[in-house]
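Residue-level listing of the chains:
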Amino acid sequence: MEVSFEEVSSHAKIATLCIEQGESVHVLHPNQIVAFQGKSEQREDSLMKLPSMYRKKRFVQSRLHGPANVMLGLPEGYSMAVIPIGADDDLLYEFRHVLFYTEGVSYTSHLQNVKNTLITQDLVKMQFKGPGKLGLLTAGPIYQMALDAKQPLYVDTSCLVAYPRNAQLRLCVYGNTLASQHMNYHWEMTGQGHVLMQPCKPDRKLDEHMKNDSLLRRIAKEVLPFGGIFIK
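This section reports on the structure supplied with the text. In this text, all values refer to a predicted model and were calculated from it rather than measured experimentally. (Residues numbered from 1 in each chain as written. Predicted model: local features only at pLDDT ≥ 70, side-chain atom pairs only at ≥ 80, totals over all residues. Heavy atoms only, no water.)

1. What to know about the side chain of Gln42
Relative to the helices and strands, Gln42 resides in the loop between β4 (33-37) and β5 (43-47). For Gln42, the side chain forms a polar contact with the main-chain nitrogen of Lys39, separated by 2.8 Å. Here the side chain of Gln42 touches Pro67 through a polar contact of 2.9 Å, landing on its backbone oxygen. Leaving out residues up to four positions away in the same chain, Gln42 has contacts with Phe36, Arg63, Leu64, His65, Gly66, Pro67 and Ala68. (Helix = DSSP H or I, 4+ residues; strand = E, 2+ residues; numbered from the N terminus. Polar contact = N/O pair within 3.5 Å; in protein donor to acceptor, adjacent residues only side chain to side chain. Contact = heavy atoms within 4.5 Å.)

2. Observations regarding the environment of Phe95
Looking at the element boundaries, Phe95 is found in the loop between β9 (91-93) and β10 (98-102). On a C-alpha basis, the gap between Phe95 and Gln127 in space is 9.2 Å, while along the polypeptide they are 32 residues apart.

3. Here's the deal with the pairing of strand β19 (residues 194-197)
By the bridge criterion, four bridges tie strand β14 (residues 143-146) to β19 in an arrangement that is antiparallel. Of the residues in β19, the one forming a bridge with Ala146 is His194. Here strand β16 (residues 160-164) runs beside β19; their pairing, made up of two bridges, is antiparallel. Note on β19: the bridge partner recorded for Ala162 is Leu196. (Pairing = 2+ DSSP bridges.)

4. Digging into the pattern of salt bridges
Counting across every chain of the model gives five salt bridges. Put simply, Asp45 and Arg43 hold a salt bridge, and the shortest N to O gap is 2.9 Å. Assessed through its relative accessible area of 41%, Asp45 is described here as partly exposed. Look at Arg43 and you get partly exposed, because its relative accessible area is 33%. Glu94 is the salt-bridge partner of Lys125, the closest N and O atoms lying 2.4 Å from each other. (Salt bridge = Lys/Arg side-chain N within 4 Å of Asp/Glu carboxyl O. Buried < 20%, exposed > 50% of the residue type's maximum accessible area, 1.4 Å probe, protein only.)

5. Quick word on the nonpolar core
Of all hydrophobic cores here, the largest spans 19 residues; its most connected members are Ile83, Tyr93, Val98, Phe128, Leu134, Leu136 and Leu196. Elements represented by at least two residues in this core include exactly β8 (78-85), β9, β10, β12 (124-129), β13 (132-139) and β16. Core analysis: the next-biggest nonpolar cluster, separate from the first, contains 17 residues, Leu17, Ile19, Leu74 and Phe100 among them. (Core = buried A, V, L, I, M, F, W, Y, C linked by side-chain atoms within 4.5 Å.)

So, to be careful, I would describe these as geometric facts and stop short of saying anything about function.
Next up, the structure:
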């Protein structure tokens, strides 16, 4: 599968997936599909599993078979990165950032402890195994930074996208008294490997897939015909 990007204006961006014969892509945010060039039967929508519904705040996902071209629209201020996933990949991802993954990629969940869950409002992280590719939706271009076994790296909890499974993490603030009183919680991280970050703070008014709609409103938007258009 090949991916190309196009900026159609100062705000709007488009990503085109060229899916080859025998390939398939699972899109976890079908509403971002702007255009599809292929046969009608090459798109199969299905209900997500309950844990994925909770984490993605969505009920339906799409499986697209090649050969086909798929155009995905990116919300204003967001970027998409395509990450290769190997059989021994050990990064744990924030599931909400995953836009799509290719056939052959599997994932398992890893629970956080109670303290980290209460502060970050995120119960689990996801580990992906390949071979395949992962499409990530992030606030700004994704950035990679190496970890050190002794020198801690401090990362804003809202900016961390993925980190090694065996990294040592501790929620904290740092700096002098004034700094620690006015900053968001950070991860103090040490270990081997690298972390993936989004360098921009997420915008709470961005696309609706990042918003915390009520369960009833989300069901209505997904189930009712044209629910996503008339229910705001």
